[in-house]
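Remarks on the overall topology
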Amino acid sequence: TLTSTEEGLPGLAFYLLPNEQRTQLMEAVGTLQPPDTLAESLALAKTYRDYNLMGEAISLLERYSSAGTTSIELNRLLGELYLQVRLNRNARDVFEQARALAESAGDLRQQADINSFLAHIALGMRQPDEARQHLAEAEALYINLGDGAKADSVNAWLAVLNADS
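Residues numbered from 1 in each chain as written. Predicted model: local features only at pLDDT ≥ 70, side-chain atom pairs only at ≥ 80, totals over all residues. Heavy atoms only, no water.

When its secondary structure is counted, the chain shows 8 helices and 0 strands. Along the chain, helices and strands appear, N-terminal first, in the series α-α-α-α-α-α-α-α. A total of 165 residues make up the chain; the buried ones form 39% of that total. Of all intrachain contacts in the chain linking residues separated by at least 6 positions in sequence, the fraction that spans at least 24 positions is 45%. (Helix = DSSP H or I, 4+ residues; strand = E, 2+ residues; numbered from the N terminus. Buried < 20%, exposed > 50% of the residue type's maximum accessible area, 1.4 Å probe, protein only. Contact = heavy atoms within 4.5 Å.)

Laid out in structure tokens, this is it:
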């Protein structure tokens, strides 16, 4: 496998898929191209993500976003992809849009999950107070949902964050 990491250039990373993975990808993508619907595009973007083709996945979803399409799923997946490639500001913006959509829809699970992502981003941007706020919101939502395991996990994260301050 050829990778850009072999070149030793910081901040540059790409991989060429081995032939077997390339064949698998082409088979998976062949059933989804060209995508006719947002649902098909989301599925295709997830397939690209599974093969670590973040640029392709982001590009596909950005076309919808720039055309004015909004949905919780679109914004959340785009936010996750941005976060994976360390585009924190872009991720924050689309996660905030997704959270607003989730609030409008009354989707507590999405609100909780997205607040956790926003906390992660805030920490990456050295904004611990904002991270605490997002974590507290996520914890309250998980409790409201009856998801004790997630609430406990967020509470543990909050405890570590509070101990560090």
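A full pass over the atoms with the stated rule returns 1 aromatic pair. Arranged with centres 4.8 Å apart and planes meeting at 10°, the rings of F95 and F117 form a pair that is stacked. Of this pair, F95 sits in helix α5 (residues 88-105) while F117 is found in helix α6 (residues 108-124), placing the two residues 22 residues apart along the sequence. Exposure remark for F95: the relative accessible area of 0% places this residue in the buried category. Note on F117: relative accessible area 22%, which makes it partly exposed. (Phe/Tyr/Trp six-rings, centres within 6.5 Å; stacked < 30°, edge-to-face > 60°.)

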